[in-house]
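Chain by chain, the residues:
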There are 2 protein chains.
Amino acid sequence: MISDPYGLSRVVGEKGVLPQRARKLEPSLPCREAELLIDVESLNIDAASFKQIKDDVGAEPAKIAARIQEIVRERGKMQNPVTGSGGMLLGRVKEIGPKHPARGTLKVGDRIATLVSLSLTPLVIEEIKAVHVEIDRVDIRGHAILFASGIYAKLPSDMPDTLALAALDVCGAPALVARYVKPGMTVAVLGAGKSGALCLAQARKDLKGQGKVLALDISEKALAALSGIGLCDTALKVDATQAVDVMEAVSQATGGALCDLVVNCASVGNTEMASILSVKDGGTVIFFSMATSFTAAALGAEGVGKDVTMLVGNGYAPGHADLTLDLLRSEPALRKLFETRYV
Amino acid sequence: MISDPYGLSRVVGEKGVLPQRARKLEPSLPCREAELLIDVESLNIDAASFKQIKDDVGAEPAKIAARIQEIVRERGKMQNPVTGSGGMLLGRVKEIGPKHPARGTLKVGDRIATLVSLSLTPLVIEEIKAVHVEIDRVDIRGHAILFASGIYAKLPSDMPDTLALAALDVCGAPALVARYVKPGMTVAVLGAGKSGALCLAQARKDLKGQGKVLALDISEKALAALSGIGLCDTALKVDATQAVDVMEAVSQATGGALCDLVVNCASVGNTEMASILSVKDGGTVIFFSMATSFTAAALGAEGVGKDVTMLVGNGYAPGHADLTLDLLRSEPALRKLFETRYV
Ligand SMILES: NC(=O)c1ccc[n+]([C@@H]2O[C@H](COP(=O)([O-])OP(=O)(O)OC[C@H]3O[C@@H](n4cnc5c(N)ncnc54)[C@H](OP(=O)(O)O)[C@@H]3O)[C@@H](O)[C@H]2O)c1
Ligand SMILES: NC(=O)c1ccc[n+]([C@@H]2O[C@H](COP(=O)([O-])OP(=O)(O)OC[C@H]3O[C@@H](n4cnc5c(N)ncnc54)[C@H](OP(=O)(O)O)[C@@H]3O)[C@@H](O)[C@H]2O)c1
């Protein structure tokens, strides 16, 4: 077993607490044997955190920079003490500990993005070089440490960072879809936004021409964009909070059969029942929406006596970053959609 | 397809709203073609609801009875307007609509318990015969309606109602465990209370002598009771909110291998990470605890880069009631444990 894969030894003064929960991390060098050292280029601060800082100190770059430096100096990580959230970073590999699993895959100098939150990443800022207020980004000089369990993606050289990051942000979703879609299935994606588009493309790929893909969204525009590039067989304009309406629309579109798999990528709450009622008995719902309520799903399925397998959308699956970037490469229309909508 | 399996036609004045969410149901006779009519004997009011009523009107049976009658008269169902919760009922089958799925399985006169909430069950109370304040139960004369999708259990004649109801209350848990346990697995159950004991017994059964069952609980007493009757191979006294401690205890008990399946039946919050860190890469966690936070599970697994399948514990699986009652029958020691602890 790798020693300290979760970075417990970097937590200051709180035994048995994971880095995410810790008040303070010890970010100093040297890099330990199961760690990866990163020469940081920029921090993408979580939107809620950046807004809180801006609301607090004002929009002036120097003030924002000072506040960020203060947080990182105090906590050894960029975790906003008010929102609790972090963000992610871009940089180059500087050193790979002999027991870090990336040894053999990455090499010094590779550009990577971390896919774990800054809220658990030891960080030292030597200098803030620029604050890009409109995109929540700060360019810095400094170093960060990735634990053996910390996920990352190698940044591709065939697309701009912004495009890669937009897709990597939600790459767990298509990767999980790939595990559950089999040819012949009827698959519905509820919420046809950024993650929804990737899920639709992945589902269509895994169906290998046998089966059916439904896109459901409240936005006519989002649906038109997806239909226009052939990402779905049927587009249904529905409000996902109206469970019965959604069920009826799906039932009609599937000749009463309903779906084998429903993927919930909606950005609003109260959409559990629409997902549950839209699957066949014995079907599966994958909940990616962070607005999912555990009890609404558990009690909802029981209340309607539905034998449905309900999965919590894990943001991580091995190979999820490559799978997602490959999806953009193999589907030029999807890439274009991303370039126009999400970059 | 069965017409109106969810009882939408019983909702008064709100189109497309499910009975659970509806302000008012129409509980009048006759029984419709996809419905089951029940001659009600007693209502087991949800604990939170009963307490609210008691706190509001006082502990006097007549006052509690009056308040319950008032709610049911107004809403056509026993859904406490403050807590939103219901409970379940016991009664005898009075009529089975020609399109209700129980036709063929049940017969008029059978005693059943509903396993869907009173909060979605059309109900008429003609008379309240007794209020049992200490056990949140009221005996009534009246009728209730079960929709085609509404789950129920036939009450067994070889055990007291109280015992059957205690087990049926959590019967979804062992039924789901039965789907995931295969011989050779290492299975941990976090929270060795009522549902935990059933899950342990079911897991042990499905391992067929190959594999290992771990019981984890904060209570020495609960663990001793389970170990005493051979329901687990290893009992670990841990606080499930302390993720790292739990992981270390499980790691030690499994020679560093961790578990294939973790079943979370703890009654407290903040136990997601303990579950996630205790499974192997590629393993599965079933969350039954209603204190589970969706985001803590989803972001937690991502934060530690764990490839874990996470399931929302559906309270319903076909055959769950019979499976659970059979478990009590085939395991006299488990039955005894239930009789002493949960009846
Ligand atoms: N667990 C994970 O790893 C993971 C991975 C990917 C995504 N997610 C989560 O999934 C959710 C979606 O993310 P995203 O980036 O795809 O967001 P997004 O691009 O904003 O897409 C959400 C879509 O849902 C639509 N929508 C909003 N209200 C709706 C309603 N009432 N009925 C039907 N559709 C509605 C939106 O339409 P409008 O544009 O008209 O509002 C939009 O098209 C977020 O909660 C995200 O955190 C989690
Ligand atoms: N989705 C479903 O259909 C379904 C089915 C079954 C159960 N459930 C849910 O599962 C949960 C458990 O139900 P239950 O009836 O089994 O409850 P229970 O009998 O109270 O069992 C819970 C157990 O957890 C233990 N516990 C409490 N705090 C703990 C901690 N910090 N660390 C470790 N163990 C701890 C309790 O010990 P103490 O006795 O010492 O407090 C108790 O033994 C509830 O939330 C229930 O609603 C859901």
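Cut-off values and rules
Residues numbered from 1 in each chain as written. Chains lettered and ligands numbered in written order. Predicted model: local features only at pLDDT ≥ 70, side-chain atom pairs only at ≥ 80, totals over all residues. Heavy atoms only, no water. Least-squares fit on C-alpha atoms with pLDDT ≥ 70 in both. Contact = heavy atoms within 4.5 Å. Near = heavy atom within 4 Å. Polar contact = N/O pair within 3.5 Å; in protein donor to acceptor, adjacent residues only side chain to side chain. Nonpolar A, V, L, I, M, F, W, Y, C, P; charged D, E, K, R; others polar. Helix = DSSP H or I, 4+ residues; strand = E, 2+ residues; numbered from the N terminus. Pairing = 2+ DSSP bridges. Axes fitted to C-alpha atoms, helices over the stretch in contact; angles between N-to-C directions. Parallel < 35°, antiparallel > 145°, perpendicular 65-115°, else oblique. Left-handed = near helix turned anticlockwise from the far one by under 90°.

Peer 1: Hey, could you run me through the relation of the copies chain B and chain A in this one?
Peer 2: What relates the pair of chain copies is a rotation about an axis plus a shift along that axis. Superposing chain B onto chain A takes a rotation of 180 degrees combined with a translation of 0.0 Å along the rotation axis, leaving an RMSD of 0.0 Å. What we have between these two chains is a two-fold relation. Among all C-alpha atoms of chain B, that of B:Leu311 lies closest to the rotation axis, at 2.3 Å. When the interface residues of chain B are mapped onto chain A, 98% of them again fall at the interface, so both copies present the same face.

Peer 1: Mind showing me how you'd approach the site of ligand 1 here?
Peer 2: Residue and element names in this part refer to chain A. Residues in close proximity to ligand 1 total 21 residues, the closest being Lys 194, Ser 195, Asp 217, Asp 239 and Ala 240. Note that a nitrogen atom of ligand 1 is positioned 2.8 Å from one of the backbone N or O atoms of Ala 240. Across the shell around ligand 1, the residue classes tally to 10 nonpolar, eight polar and three charged.

Peer 1: I would appreciate a short explanation of the environment of B:Glu331 in the present structure.
Peer 2: All names here are of chain B. For Glu 331, the location among the structural elements is in the loop between α10 (320-330) and α11 (332-341). In this structure, the C-alpha to C-alpha distance between Glu 331 and Ala 201, residues 130 residues apart in sequence, is 8.1 Å. Residues within four places of Glu 331 in sequence aside, it is in contact with Ala 201, Arg 204 and Leu 231.

Peer 1: For this particular structure, what's the right way to read the pairing of strand β4 (residues 123-132) of chain B?
Peer 2: Across a regular strand the side chains alternate sides, sitting on one face of the sheet and then on the other. Residue and element names in this part refer to chain B. Bridge analysis of β4 against strand β5 (residues 137-146) gives eight bridges, and the strand direction is antiparallel. Within β5, the residue paired with Val 124 across the bridge is His 143. Taking the residues between adjacent antiparallel strands as the criterion, β4 and β5 are bridged by four residues, where Asp 136 takes a positive phi near 55 degrees.

Peer 1: When you look at the packing of helix α4 (residues 172-180) of chain A against helix α5 (residues 194-207) of chain A in this model, what are you seeing that I'm missing?
Peer 2: All names here are of chain A. Where α4 contacts α5, the two axes come as close as 8 Å, and the packing angle between them is 25 degrees. As far as their axial angle goes, α5 and α4 are roughly parallel. Relative to α5, the crossing made by α4 is right-handed. On α5, the residues that touch Ala 173, Pro 174, Val 177 and Ala 178 of α4 are Ser 195, Leu 198, Cys 199, Gln 202, Ala 203 and Asp 206.

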